[in-house]
Amino acid sequence: MNQPGAIFHPAPGRLSLGDTLRMLVNDGLVHKLQAEQLFKDRRLDSSNLHPLIIISEQKWKSLQPPHKPLSLEMLTAWLAKRANLEHFHVDPLKLDFSAVAQVVSKAYAERLKIMPVKVSGQEAIIATAEPFFTDWIPDLERILKLNIRLVVANPREISRYLPEVYNLANSIHLANTAKAGQVIGVQNLEQLVELGKDKNLDANEQHVVNIVDWLFKYAFEQRASDIHLEPRRNMGILRFRIDGVLHQVYQLPSAIMNAITNRIKLLGRMDMVEKRRPQDGRIKTLTDEGEEIELRLSTMPTAFGEKLVMRIFTPEILVKDFVELGFSSAQAQKWTRWTQSPNGIVLVTGPTGSGKTTTLYSTLKLLATPEVNVCTVEDPIEMVEPAFNQMQVQHNIGLTFADGVRTLLRQDPDIIMVGEIRDVETGEMAIQAALTGHLVLSTLHTNDAPAAVTRLLDLGIPPYLIHSSLIGIMAQRLVRTLCPHCKMPAEISQERWDDLVSAWKLPKPAQIYAANGCLECRMTGYRGRSGIYEMLSLTPELKKLITHDADLASIKKLAYQQGMQPLLINGAEKIAEGLTTIEELLKVAPPPFD
């Protein structure tokens, strides 16, 4: 295909399969015989696929160490280096659709197979998978009066996102120029002077529907757990929470943000006219792969309009076993022993967003066999699950947690889940249920497991009821786990390790890892989250310390002596296993003695 030792440069123009294979052979990445065979097989191919796509489908491994597979992304990076251009990953959440769509028309971009990705100052950045085809650049620079900088992007990303960029930009443009409708309520405290200028778009208009569909689609793709639509003075902010961290995704004109909020409220069967009071709703939808996803909606009136937050629940949270949630085998055995007790109370504690709901729902899903009656009382129902009988607290009609538990006790339950113990009445009803032969699971908001005991006492629950009903308390947190594709070995001094584990004398691991960042993890270095746990069993010795004037420090000290592993030490074990980092652990785990 080329003379050994000669450096092959393709002729200006579109990349052919033959030229691409010659360059790969020339660079020592592909065997010459493989390349010749593929060229012969594809000589009469009329599929019009990009050469890099054809080559990536062969699943060849690079001849250069470390012999990684020649994936499409790796081939794109190689081509960019060959052309002395930057390799660009198209992230749809970082594109300013409206701005880039104005650089060239959709027809022009599709004909040249180019995609504008950024416009700033006097420069337009344009992505292409044809770095040697540049005849069009001088004419476009003259028309736009901008300098054009080429970057090389994955050809599949360009073909996928190019129509989406223009379609979404068109929807935003149509929504922005739509005629003003009837003004519904005063939704912005600073609107009183400018009320007549407000545009309220119909939530059923097709361009608004398109924007909402795009919003859901990319939230699911990016593994977001929450979507935030936040009104500001002159603009609306769209943010996704991914692995516990909020990422700003897009800015939208206020009129469009209002229309999107109205569309989502309509889908969630909420009162679209009511903008002064908080509301809750839910939507069930399907991903492109046909997977059911449920969204829990919550609105809140703010100074600049209605803020809408959507919590995303995927069915996979209910099918995880405990090891997948982050339990060690010993912790999983203890948790199973607790939750298979015929009666008693098991508590899960931790702040909001620490994974308590996932743990409880996963547990109930395993316990909800046809032989048992599982009932829950929640505020609100986090995720509708057909295997449970779920009741929602309704404060407006006086249906509280305590009333809910009282009702459930007449429903012949075997297992009861109480969303949260907030007051003495709910606590006493939950204990009454446990004493009358039911297994009760519930949550509390405390820093660690021992603090749950003093929290129950503070609520006014008598010590003798705690002694007779409480089986165990589990505190938990979520730590981000290192991306397996890019984590890097790191060093840790003996002193720093000793400071971390203090009196627990965990041996210093032979190897720990640090976050790096790659396309798989959106350059964060982390992908996914895992639980860390602290499990306190109520032993006879501990029960003796649970009195009206119980001392939390004494309870903690005895719990540690009896083998309770604090959150920080459980997290240190995950660091030693190469699952997370010290920095991540210290963000979420309280020190054992505080």
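Residues numbered from 1 in each chain as written. Predicted model: local features only at pLDDT ≥ 70, side-chain atom pairs only at ≥ 80, totals over all residues. Heavy atoms only, no water.

For the pair helix H1 (residues 17-26) and helix H4 (residues 72-82), the least separation of the axes is 12 Å and the interaxial angle reads 85°. Here H1 lies roughly perpendicular to H4, going by the angle between them. Contacts from Thr20, Met23, Leu24 and Asn26 in H1 reach Leu75, Trp78, Leu79 and Arg82 in H4. Here the residues of the contact of H1 with H4 sort into five nonpolar, two polar and one charged. (Axes fitted to C-alpha atoms, helices over the stretch in contact; angles between N-to-C directions. Helix = DSSP H or I, 4+ residues; strand = E, 2+ residues; numbered from the N terminus. Parallel < 35°, antiparallel > 145°, perpendicular 65-115°, else oblique. Contact = heavy atoms within 4.5 Å. Nonpolar A, V, L, I, M, F, W, Y, C, P; charged D, E, K, R; others polar.)

With respect to topology, six strands assemble into an open sheet ordered E7-E6-E5-E10-E9-E8, the strand pairing being antiparallel. What marks the edges here is a single partner per strand, and that holds for strand E7 (245-253) and strand E8 (279-286). Strand after strand, the sheet turns through a mean of 20° between neighbouring axes, direction not considered. Where strand E5 (residues 224-231) lies against strand E10 (residues 305-313), four bridges are found, and the strand directions are antiparallel. In the sheet register, His228 faces E10, and the bridge partner there is Val309. Each of E5, strand E6 (235-242), E7, E8, strand E9 (292-302) and E10 is contacted by helix H10 (residues 254-267), which is oriented at about 115° to E7, the strand it contacts most. (Pairing = 2+ DSSP bridges.)

Among the nonpolar cores identified, the biggest contains 65 residues, and Trp136, Leu215, Ile227, Phe240, Ile264, Leu295 and Met310 are the most heavily contacted of them. No other element matches the nine residues that helix H8 (residues 155-176) contributes to this core. Lining this core are residues from two domains, each supplying at least three of them: domain 2 (86-177) and domain 3 (200-313). The contacts of Ile227, once residues within four sequence positions are left out, are Leu215, Phe216, Ala219, Leu238, Arg239, Phe240, Leu295, Leu308, Val309, Met310 and Ile312. Core analysis: the second largest hydrophobic core is formed by 57 residues, Ile532, Tyr560, Ile569 and Ala589 among them. (Core = buried A, V, L, I, M, F, W, Y, C linked by side-chain atoms within 4.5 Å. Buried < 20%, exposed > 50% of the residue type's maximum accessible area, 1.4 Å probe, protein only. Domains from an automatic or database assignment.)

Moving on, we get to the sheet that holds strand E4 (residues 147-152). Read across the sheet, four strands follow the order E1-E4-E3-E2 without closing on themselves; strand pairing throughout is mixed. Each edge of the sheet is formed by a strand with only one pairing partner; in this case those strands are strand E1 (86-87) and strand E2 (114-120). In this sheet, E4 lies alongside strand E3 (residues 123-128) in parallel orientation, the contact comprising six bridges. Along E4, the bridge assignment pairs Glu123 with Asn147. Sheet contacts for helix H7 (residues 137-144): E3 and E4; angle to E4, the most-contacted strand, approximately 135°.

Take the UniProt feature "domain: Bacterial type II secretion system protein E" (unreviewed entry) in the protein next. As annotated by UniProt and renumbered to match this structure, "domain: Bacterial type II secretion system protein E" (unreviewed entry) occupies residues 409-423. The annotated region residues 409-423 carries 0% helix and 27% strand content, and the separation between its end C-alpha atoms amounts to 18 Å. (UniProt positions renumbered as here; feature names shortened; annotations may be inferred.)

What follows covers the side chain of Asn154. With respect to the element layout, Asn154 can be found in the loop between E4 and H8. On the basis of relative accessibility, which here comes to 6%, the residue Asn154 falls in the buried class. Asn154 has contacts with Leu72, Glu73, Thr76 and Phe88, leaving out every residue within four places of it along the chain.

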